[in-house]
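A look at the structure
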Amino acid sequence: MEVKTSLLDNMIGVGDMVLLEPLSEDSFLENLKNRFEHNEIYTYIGSVVISMNPYRSLPIFTPEKVEEYRNRNFYELSPHIYALADEAYRSLRDQDKDQCILITGESGAGKTEASKLVMSYVAAVCGKGQEVNKVKEQLLQSNPVLEAFGNAKTVRNDNSSRFGKYMDIEFDFKGDPLGGVISNYLLEKSRVVKQPRGERNFHVFYQLLSGASDESLKKLKLHRDFSKYNYLSLDSAAVNGLDDAANFRTVRNAMQIVGFMEDEVQSVMELVAAVLKLGNIEFKPDSRSNGSDESRIKDKNDLKEMCELLGIEQSVLERAFSYRTVEAKLEKVSTTLNVAQAYYARDALAKNLYSRLFSWLVTRINESIKAQGKTRHKVMGVLDIYGFEIFEDGDNSFEQFIINYCNEKLQQIFIELTLREEQEEYIREGIEWTNIEYFNNAVICDLIENNQNGILAMLDEECLRPGTVTDETFLDKLNTICAEHLHFESRLSKNSKFLTDHSLPHSCFRIQHYAGKVLYRAEGFVDKNNDLLYRDLSQAMYKANHKLIKQLFPEGNPAKVNLKRPLTAGFQFKASVGTLMRNLQTKNPNYIRCIKPNDKKASHIFTDSLVRHQLRYLGLMENVRVRRAGYAFRQPYEPCLERYKMLCKRTWPHWLGPAREGVEVLMSDLPVPAEEFSFGRSKIFIRNPRTLFFLEERRRQCLQDLATLIQKIYRGWKCRGHFLLLKKSQIVVSAWYRRYAQQKKYQKIKSATTVVQSYTRGWQARKLLRELKYQKRCVEAVTTISAFWHGTQIRREYRKFFRANAGKKIYDFTIQRIMQKYFLGLKSTLPSMSPIDKNWPARPYLFLGGVHSELRRIFHLWRCKKYRSQFTEEKKAVYEEKLEASELFKDKKALYPSSVSQPFKGDYLEINKNPKYQKLSIAMEDKVLLADVVNKINRANGKGTARLFLLTKNSVVLADQKTGQVKASVPLPDLTSVSVSTQSDGFFALKLKEGSASAVKGDFLLSSEHLIEIITKIHRMGTTAADREQLDIDISDEFLVQFKHDKVCVKFIQGVPKNGNSVSCKRKNNRLLEVSVPSTA
Ligand SMILES: Nc1ncnc2c1ncn2[C@@H]1O[C@H](COP(=O)(O)OP(=O)(O)OP(=O)(O)O)[C@@H](O)[C@H]1O
Ligand SMILES: [Mg+2]
């Protein structure tokens, strides 16, 4: 729902000065101050907006604010420039009424800013689209261009507009912008050549020198240093907060957006450079022989550069600075210029050059922003024009006169239009029109612009008059012609009342403007009005080979020599003001009156005297009076009823009939005199602000009462709501609690019941069990008893049929049967006949344990016997020998394991068959049990000599291997022991019984591959022969051998095989033979 608000809500002071009560200059000022101090810079006078310059940025120009004011009624929100812009735009768009926005105020009051705010607001709220946006952008970007060329830093304003500007923005029927037309008024061109103290020349000069690239400056023949140029004042060249270089870029960019071609921009810059160069041209006096004073250019370098820039022939311009040609009909007279005249000519050229360039810029911008199509457009004009200008020290000149004249005209239009609007509204609303008393300034306008005796007409007359014309002659003329005028004051006029007025100097005249008295100094009026540029100069300019310059000085064209004097500045201005006024009169006016709060450009300072001065000359009190002349306040019935309906019981809270009747009922109910208000067709008109404030006060009281009522109801409603909520919560809480308590109780009962139940059930079960057990025992007892009883009965019955030892027999039979079955079973499961087979069937019955293991043993023995019985006698003897060898050497000598697999052949030499040993075999008495080749170890060196070794059952024979000749024969009984080592060697020593015949030669130390067999066999001979002692077998690694004379120790050591010999024997000394045996591991 849209919230209905009003200007009257939250007002600081009074938002609309029309409602000021009591109305006086002091209360007006106080109200403005009060609002300004609360950051309320805008105040209305009816539909006029007073704008105070805040000199700081306020957060009231945001897009949100634009939205807030968009499509809202003027008095609906607090005063704002946007409200005025919105009202103007909407009545343009919706009611097809052309609008003009007139912004006035003194320099630095914020006119230009206000005009930009209006334009930006309109740009924000009007239609969008590519084409429309381009137009908007061009319109907005025309501002920086014109500001660069037309604005300057002054003591009052760092960005002071030195020209008047009126811009018509054209819209189509939808309210979309199509284009615009700019008109400029009276550029302050004197600034080009001279600036007051503390002020600067136009911004563009400084911007160009600061912002252009080195290359461009070189092209323009310029230096970056301001001090090089006479026309640039130096004391305030740099302005705080103004970045000339950045602004130059902005201007270049804006020119591009507006549509300037690159060569056009260059031409413009060339002209600006030319003006600077022009300022540097200086003259010195030069006396001619004919006695006339002449001037001469001091240094022609600047002139040369300027001519190069503009394509002018240097001699032409030089001549134009030296001579002045006056043409009259057929005559042409040339006079030389003295130094002062030459300077005058130079400055006039500079001023003309610059002001014409400025006008050309406006024309060029207009070309770009011109609306297309010939259909009628809706127009909104924005006028940013200098306000009343009064220099307190009486230093008001021609410019101030012109400016103030313009403001008089604007005031007149304001009065006319305001009254007309007022009157129209009264007629529209059917209210009786009563004549309004107000001051009409038409009489002052007439004093200035009257074609016969107006000041401007007289000035023109003076300027055109032949003969000597000075400012004094002009003042004299005024003194005679205007003497009687009520608003003209001069010391020398015929009007004697000013004769003694010392505040009025003789060279001045004073005009009583509507806004106050202004003292004008007559000096310079004629000159400035003439605005003379010597024809020689304009012709020289026309001759320039520069497109733009040529356009700017069309009067220099010799083909179009016009002998008429050019139009005076005053005349031109009057004409353009006339056009402007006619233009404005066709439009609906909207006023923005700008006020400057202080002279220091500072925020938060409100200088009473300064503001008072401004409200006087802006005629603001006059504004309020005109506005209040009829009815001070008016409001449509609907919002009026909506706002005040609470003041009457019949209209509160709803009035169902038409709003007008509601308001009538409402007003009749209130103690307000009938003459204080009138009912129009759609509005109520209130004559006096007091009545409105009375209504407001009543409303405020009513609102308070209503607020209390609403508060009361609201509080009641809130408390009741709270109570209901509490109640509901309490029920919920108690329900939950009860449920919880019941649940707990139930669980308790349930568990108690379960316990009781379980005890009861347990008790019952136990009781039942006991009963059942008892019954079971009874049944068992009965059964047992009956079984015994039956047994007894049966036994008693059958006893006669049983034999006494039947049991034993059955037992024996059973045992037998089992045994039988066991043996038969064993027979079929007997293991193999191999003596080494360890298998044996499992025992079937425990009681057969002994039998079973005995049978196993018997079976094994039997099996072994069977196995043995297969052997022949020889094989048996061999096994016996093997067995004996095992008993002798197993685990004692390392050679043994290798001998196990070798069969004991005995006769390795086959001595009987070998004819070589025939003799030997014959010599042997007994059967040779073993014949082999052994090594007999030589005690002297440990080396072996091969010998045949023969064993018979009685002796051991050693014979030569080759010849078979017996070398030694030892009867076995002479052998006492045999010594062998524990190792794998084949050494053995046959030790002979001391004292025996064989022992003469000593023991034998032999070595054989078949050592095990040899010794076993020798040993066997000892065991089998009953007459012999058992042969000792000594197994050790160190033993003594008795050689012929002495005993030698044979020592076995483990060594490394050498020269392929596995075993080597070395004599170490006389008593030691060392046998080195390779380790078996
Ligand atoms: N609404 C505003 N908000 C903030 N600052 C403002 C506002 N209006 C004006 N100013 C400040 O005041 C300065 C002067 O304003 P502006 O140039 O609009 O004055 P002017 O009335 O156009 O003066 P002149 O007649 O010399 O051209 C601005 O440069 C700006 O700093
Ligand atoms: Mg301005």
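Before reading further, recall that the structure is shown in the block above.
Here we summarise the structure given alongside this text. Note on numbering: residues in each chain are counted from 1, in written sequence order. Working convention: letters from A go to chains and numbers from 1 go to ligands, in the order in which they are written. Residue-level local features of this predicted model are given only where pLDDT is at least 70; pairs of side-chain atoms are given and counted only at 80 or more, and the full residue set underlies all totals for whole chains, interfaces and linings. Excluded from the side-chain calculation are hydrogens and water; included are all heavy atoms of the structure.

**Structural notes on the overall build of the protein**
Strands are runs of DSSP state E lasting at least two residues, helices are runs of H or I lasting at least four, and both sets are numbered from the N terminus onward. When helices and strands are tallied, the protein shows 32 helices and 31 strands. The C-alpha radius of gyration of the protein comes to 75 Å, more than 25% above the 31 Å expected for a compact globule of 1081 residues. Overall, the C-alpha framework of the protein stretches about 205 × 120 × 55 Å when taken along its three principal axes. Within the protein, the proportion of its 1081 residues that are buried is 48%. By sequence separation, contacts in the protein at least 24 residues apart represent 64% of the contacts at least 6 residues apart. For the protein, the exposed surface amounts to about 57200 Å²; the carbon and sulfur share of it is 53%. Charged residues are defined narrowly, with Lys and Arg counted positive, Asp and Glu counted negative, and His plus the chain ends left uncounted. Just so you know, the charge point we use is NZ for Lys, CZ for Arg, CG for Asp and CD for Glu. Between the mean site of the 164 positive side-chain charges and the mean site of the 131 negative ones, the protein shows a separation of 18 Å. In this setup the radius of gyration rests on C-alpha atoms only. A globule is expected at 2.2 Å times the number of residues raised to 0.38. Partly exposed describes any residue whose relative accessible area lies between the buried limit of under 20% and the exposed limit of over 50%, with all areas from a 1.4 Å probe on protein chains only and scaled to the type maximum. It only takes one pair of heavy atoms within 4.5 Å for two residues to be counted as in contact. The protein chains shown are the only cover counted for residues, whose accessible areas, like all others here, come from Shrake-Rupley with a 1.4 Å probe.

**Considerations on the sheet that holds strand β13 (residues 488-489)**
DSSP-based pairing: two strands are paired if at least 2 bridges between them are found. Sheet architecture is open: three strands sit in the order β13-β14-β15, paired in antiparallel fashion. With partners counted over all chains shown, the strands left at the sheet margins are β13 and β15 (516-521), one partner each.

**Looking at the sheet that holds strand β7 (residues 177-185)**
Reading across from one edge, β1-β2-β16-β3-β12-β6-β7 is the order of the seven strands in this open sheet, with mixed pairing throughout. Single-partner strands in this sheet number two, and they are β1 (42-45) and β7. Each strand of the sheet is rotated relative to its neighbour by a mean of 20 degrees, with strand direction disregarded. In this analysis, axes come from line fits to C-alpha atoms, helices being fitted only over the stretch in contact, and the angle between any two N-to-C directions falls in the range 0 to 180 degrees. Those strands touched by helix α5 (residues 130-150) are β6 (164-171) and β7, and its axis lies near 15 degrees from that of β7.

**Quick notes on the side chain of S161**
Looking at the element boundaries, S161 is found in strand β5 (residues 160-161). Given the relative accessible area of 17%, S161 is considered buried. A distance of 2.8 Å separates polar atoms of two side chains, one belonging to S161 and the other to T112. Non-local contacts of S161, meaning those with residues more than four positions away in its chain, are made with T112, G150, N151 and D384. Throughout this description, a polar contact denotes any pair of N or O atoms lying within 3.5 Å of each other; where both atoms belong to protein, one of them has to be capable of donating a hydrogen while the other can accept it, and for residues adjacent in sequence the pair is counted only when both atoms sit in side chains.

**Structural notes on the coordination of the magnesium ion (ligand 2)**
For Na, K and Ca the donor cutoff is 3.2 Å, while for all other metals N, O and S atoms count as donors only within 2.8 Å; water does not appear among the atoms, so some sites may look incomplete. On the protein side, the magnesium ion (ligand 2) has T112 (OG1) and S161 (OG) as donor atoms, found 1.9 to 2.0 Å from it. One end of the pair, T112, is in helix α4 (residues 111-125); the other, S161, is in strand β5, and 49 residues separate them in sequence.

**A closer look at the site of ligand 1**
Any residue with a non-hydrogen atom lying within 4 Å of a molecule or strand is treated as near it. Around ligand 1 sit 17 residues, and of these S107, K111, T112, S160 and S161 come closest. One of the backbone nitrogen or oxygen atoms of G110 is found 2.9 Å away from an oxygen atom of ligand 1. Look at ligand 1: alone it shows 630 Å² of surface, and the protein chains cover 85% of it. Of all the secondary-structure elements, those providing two or more residues to the shell around ligand 1 are α4 and β5. Ranked by residue count, the leading element in the shell around ligand 1 is α4, at three residues. Residues are grouped as follows: Ala, Val, Leu, Ile, Met, Phe, Trp, Tyr, Cys and Pro are nonpolar; Asp, Glu, Lys and Arg are charged; all remaining types, including Gly, are polar. Tallied by class, residues from the shell around ligand 1 come to four nonpolar, nine polar and four charged.

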